[in-house]
Structure formats: structure tokens, C-alpha cells
2 protein chains.
Amino acid sequence: MRVLIFEEGKIREAEAPDPVPGEGAALVRVRMVGVCNTDLELLSGYYGFSGIAGHEVVGEVIRCDARPDLLGKRAVVAINQGCGAGDCPFCASGVPGHCPDRQVLGIVDWSGAFAEYLVAPVDNLHWVPDGLGDLAAVFAEPLAAVLHITEQAPLGPGTSVAVLGDGKLGMLAAWALSRFAPDLTLLGKHEERIALAASLGLSAMASSECLSAAGRGGRKFDVVVEATGSPLGLAQALEIVRPLGIIVMKTTTRHPVSTDLARLVVNEVRLVGSRCGDMGRALGFLAETGMDTRPFIEAVTPFSCHAAAFERAVRPGAGKVILEFP
Amino acid sequence: MRVLIFEEGKIREAEAPDPVPGEGAALVRVRMVGVCNTDLELLSGYYGFSGIAGHEVVGEVIRCDARPDLLGKRAVVAINQGCGAGDCPFCASGVPGHCPDRQVLGIVDWSGAFAEYLVAPVDNLHWVPDGLGDLAAVFAEPLAAVLHITEQAPLGPGTSVAVLGDGKLGMLAAWALSRFAPDLTLLGKHEERIALAASLGLSAMASSECLSAAGRGGRKFDVVVEATGSPLGLAQALEIVRPLGIIVMKTTTRHPVSTDLARLVVNEVRLVGSRCGDMGRALGFLAETGMDTRPFIEAVTPFSCHAAAFERAVRPGAGKVILEFP
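From a predicted model like this one, the values you see are computed outputs, not experimental measurements.

**What about the domain arrangement of chain A?**
All names here are of chain A. Segmentation of chain A into domains returns domain 1 (2-143 + 277-324) and domain 2 (149-273). Taking the mean C-alpha position of each, domain 1 and domain 2 sit 27 Å from one another. Taking both sides of the interface into account, the surface hidden between domain 1 and domain 2 amounts to around 1700 Å²; carbon and sulfur atoms contribute 63%. Summed over the shared surface of domain 1 and domain 2, the number is 1 salt bridge. Measuring nitrogen to oxygen at the nearest pair gives 3.1 Å for the salt bridge that ties Glu151 to Arg281. Where domain 1 packs against domain 2, one counts 4 residue pairs in polar contact (both at pLDDT 80 or more). Sorting the residues of the side of domain 1 that touches domain 2 by element identifies α1 (37-43), α4 (140-147) and α10 (279-289) as the ones contributing at least two each. For the side of domain 1 that touches domain 2, the element with the highest residue contribution is α10, accounting for 3 residues. Considered class by class, the residues forming the side of domain 1 that touches domain 2 number 13 nonpolar, 6 polar and 3 charged.

Written out as C-alpha cells, the structure reads:
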């Protein structure tokens, strides 16, 4: 099969043997795979990664010896696979995403979706409803990560929320979370992204403007979703969150974050790390809201044009770039 | 009255006019006042402070025109005084400690307790029960800050807790919180402080030992109370907290904290800033537990010997230094 290999900051297309599913696993043909900021971080050396990345995937089962009834079904993949041991406190309590021996699709010890095929345990597959297109389903993974925030911070009509960052995740978060907390503002730094948010019916403004107003005693938010992807994001979030407020932190960066945390202590702010969510819930949300994902897409590119696709994905302010196997 | 003035990193004894209580306020004669790390930070320039610090105080009412019945009563002082305006969201909801226009005893716009007398609103006074000595009551403020942690993190028999830091606050936190969560370990760096903790019946060990074990896949804790007073404390807390665990952060330092926060995100750790607590609850705890505060005391020194007292208070690993007006 054709694969993309991340190696020393470069992407190389290569031929690799088709993977063979073991017991309880299926062979999945990749239909579409999104490029996530984590992929770009992996490419530049985060986790000392080398290999096949890619984890935002929609595919179809083409082999599953124990379950021939699954053949041809479209699925997205829950990216965490725990050790499954009965004495693992995380696996035993249904939280494989925190199992210390977990494999993570395209990130840790599990060959990813920048490839024609991948292998996944059947238990990790979530079936895409018939009415839901690939271009929606391919958002299930980042959308799950966004919806997870609703389990970490109380979001409701009375909550004021700022989403800090107008990148792929920030834009998606603003759209999805505004369904829970209508008093939500996207704070961005790219004019065209702020305009895009406004065209989606979202309240949006330049983060610099909001920060300088907050510095003069202006508006502060109950909840700030930090999705800047920058080591400076936390300091900004601390500027605009109210005392006793919550910052949900999505940014993972290789760079150490240097921040005046006295402000966090004095204002008794809660800072909550936030990672993956429930893919089934994300598929349900996509189906129920009829969410049009096209505004969030930068480009859909054939797999063979991956070089152009990644060039586009690294541009500041880029939307979601999707590779497809036609 | 005699006062201590913090000015440009130095302490100067001076004569100042006796303060005059306004409406709703009492004149309190200071009996004892503890030296807190915040005082030492203020002395070295935190908040650009100059003036009369001191906020861990037990005193007695010597004047209160509207309430002569209070004369002679012993009290501790709740250190936050909000603006009290009906449209202040924090004052209106009973959280004056987060009022943006608050005064804080000995810290912000409210002359402190390193003085013969201070003025306090009667509403900020908590009466010391007859059976409770000054040497216990003078711990009410830091103890309230410690007990506040029980409102921020679920502490119970099933919770494993590490208190990181063997200073004044760390030792007090370990003792008090172990009443809620018996599976508690004090992690220190001073041999004599670790020995003191052990002599109080606490589990205690060198933090370096625990950190290196955690790095090798060893024990991690459900809740870590970060009370190191050091900008390095947060990174250490992130090493020893389990995924989905809670770090309660007490350290306020003038220095920016540089940390790899990807770990917080990936492990979905919650970091909670923690400041002041309920002084009435602290007095109740002291009375109910019959807590012997003597092991936590480094020295009780007459006010006139303040220079020696502060010299002792800044020593690494020092316990609580208390100034008294005999």
C-alpha cells in the first residue's frame, strides 16, 4: 500500500506491506483523512515521532474475518487503544485514553491513516450513519475533542465563553460550543478567519482588541477555550478569564510555556487540560445538527498530491486540509 | 502606635498615628501576628508593595462605638473586604475575595497587622472561642486557606494526596488535610522538616525520591497540593499527578513559571488556583480537633525583636514565626 512516512521533519511517500488485522480487528480502507495540528507538530519532532501519522479518518471495512457482516461499512476510528488489562485502572474504568500503555492512532505505536489502509480493533470503530457524508464524518475526531469540553466546563445559556484561536480547532469549537452556550465569542488574529466566523453567525473579534479591553478592566469570560496552538495562549487566556473562571486548554506545544501563574492562584482560576472525546457522540452531533462542514475545509486533495496539501496545511490561518483516496 | 514599614526590601520600625475606626468598624489591638511567605514576597517587591503588611492576626477589640458589647473580645480577621456594591457580581454573591476593588489586610489598600493596632469592619471579625489560645487562633488564616482546598478537590478516604513542599503552608496542609484524606504524603526537601512531619504521624518522604520514582513509572497521586513556593513546583506536581488528577496550586511567585504544559493537556490534569478560605471554619476546626499548633511554630518573638524574627522567618525550611505584643 501507499503510505506517507514522517521522518526528520520531512514527508516521504513509500510502499509498505498491507497490514494484516489480528483477532478482533478489521482492515479499514482509508477514504479521507484530515490533517491536524498534532500531525504538523509530529512532523516537526514532537514526541520524537517518525512513522505513519494521521488520525482524523473515515474509511470502510474491507476485511474482518470474525465479523463478515461489517464488510463495506463506513467507520471513523476512536484513536485510543488501551492495554485492556483488568488491573489497569484506566482501562477497567472505561478510560483507555489515559492507559499508560495505550496506543494512539497515528501518534503512539499504532500506524496511522496517512496510508491506503489501517488496522483497527472493531471496538474502536464507530459506524457512520448512512445520511452522513465523508466530508462531515472526517470531522468526527476533532469534533469529539471539542464536544468533550462540555463535560469539563459547565456550558449553558448563562455562560459567557471565549474561544481563543481562529485555527482549525478554534473555529470548530466556536461553532459547536455556541450550540450549548450562545453567548460565545471567537477571538482570532487572522482577518479572514474572523470574517469567516462572522459569516457563520458567530460573534467574533480580534483577540488583541479583547485583550487590551480586558487590561483596562473590560469584559472577562466565565470560560475560555485556549486553542491558539501557541505557547503564548495561556497568558492571554489568563488575561480574559474572570476570577473563579475556567480555562480549557487544548494547545499542546513542544515549547515550554512561561507564564505568570500568580494570577491563576490569586484569581482561583481552574485550568483544565482537554484532549479526546467520544466519537459516537460527535457522529450523532453531526447527524442531528446537519452541520455543514464545508466552511471549515481549506482543501480536499488527492492523496497523491500530499506535498501540496501539507504546504497548504501549514499556512497560518489555514482551515482543514483533507487527503482523499478517490 | 508602633508599626513595621516595608519599604524597598527593608523593614523599618516607626511611630504612626493610632488608626480611627469608621462606621461599622472596630479598633483591634494586635496580640499576635504570624509571618507568612506572602509577607516575605511583599518585602521583596511583589505587587510593588510598600507599607504595613501582616494579615495572620489575633487581636482584641478595644473600641467599637456602635457595638460596645464587643469590647475585649478576641478575634481573627477575614482578610478580604469587598466593595460591597449591589451590582458587584462577587460581593453580591458573597465572594468579596474576588471583588476587583477589594482591600486585602496587609496586602492591598488595608493597613496590616505588623502594628500595635488595626482597624477592621466588624463583619470581618471572627470571634475566638474561649478555650482556644492565641497560639492556635493565630493559625486561623493559613488554616482557612488550607481547608479551602477541601472545597476545590474531592478529598476522602479513597483519595491519594501529595502535599508538595515542607514549608509553613505545606506542613499545615499535610496535617489538616490528612484528617480528610488519610492516604496523604508530605513531599519535602529539608531533612528536619520531613522528620517533623513523621513525628506528627504523617507519611513523609523526600520529593526528589518520589519524583524519580514517578519518572520510572512509580506512584502517582489523585491530588497534588503544590505548596513549594518555587517556580519549579508546578513542573514537579505535573510529574507526580495521575492522568485526570488535580493539582491545587498555592504558590504565588513573582517569577514567571516555565513549564511543559503539553503534559497537562495530554493527561487532562486540572490545575486549580487556591487562595483564601473561611476563617470561621478554621476556628471551628482548631477547636474541634484540639490541634496542637506548637510543632508548626519556629519562634514566638516580641514585636520589638522583629529584626531577629524576620531573619529567622526567611531561613529555608523555617516554621511559623510569630510576633507578639505582650
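So, next bit.
**Description of the relation of the copies chain A and chain B**
If you rotate chain A by 180° and push it 0.0 Å along the axis, it lands on chain B with an RMSD of 0.0 Å. Interpreted geometrically, this transformation is the action of a two-fold axis. Looking at the rotation axis and the C-alpha trace of chain A, the residue lying nearest is Ser258 of chain A, at 1.9 Å. A symmetric contact is evident, with 100% of the interface residues of chain A recurring at the interface of chain B.

**Here we look at the pairing of strand β16 (residues 270-273) of chain A**
Where a strand is regular, its side chains alternate between the two sheet faces. As paired elements, strand β14 (residues 241-249) of chain A and β16 of chain A share 4 bridges and run parallel to each other. Pairing of Val248 of chain A across the sheet is with Val272 of chain A, part of β16 of chain A. Sheet topology note: the β16 of chain A/strand β16 (residues 270-273) of chain B ladder contains 3 bridges and is antiparallel. From the neighbouring strand, Val272 of chain A faces β16 of chain B, where its bridge partner is Arg270 of chain B.

**Side note on the interface of chain A and chain B**
Tallying the contact residues gives 37 residues for chain A and 37 residues for chain B. Taking both partners together, chain A and chain B bury about 2800 Å²; carbon and sulfur atoms supply 64% of that area. For the pair chain A and chain B, the number of links is 11 residue pairs in polar contact (both at pLDDT 80 or more). Elements supplying a minimum of two residues to the side of chain A that touches chain B: β14, β15 (257-259), α9 (262-266) and β16 of chain A. Residue composition of the side of chain A that touches chain B, by class: 19 nonpolar, 11 polar and 7 charged. Pairing between β15 of chain A and strand β15 (residues 257-259) of chain B: 3 bridges, direction antiparallel. What sits directly across from Ser258 of chain A, in β15 of chain B, is Ser258 of chain B.

Rules behind the numbers
Residues numbered from 1 in each chain as written. Chains lettered and ligands numbered in written order. Predicted model: local features only at pLDDT ≥ 70, side-chain atom pairs only at ≥ 80, totals over all residues. Heavy atoms only, no water. Domains from an automatic or database assignment. Buried area = accessible area lost by both parts, 1.4 Å probe. Salt bridge = Lys/Arg side-chain N within 4 Å of Asp/Glu carboxyl O. Polar contact = N/O pair within 3.5 Å; in protein donor to acceptor, adjacent residues only side chain to side chain. Helix = DSSP H or I, 4+ residues; strand = E, 2+ residues; numbered from the N terminus. Nonpolar A, V, L, I, M, F, W, Y, C, P; charged D, E, K, R; others polar. Least-squares fit on C-alpha atoms with pLDDT ≥ 70 in both. Contact = heavy atoms within 4.5 Å. Pairing = 2+ DSSP bridges.

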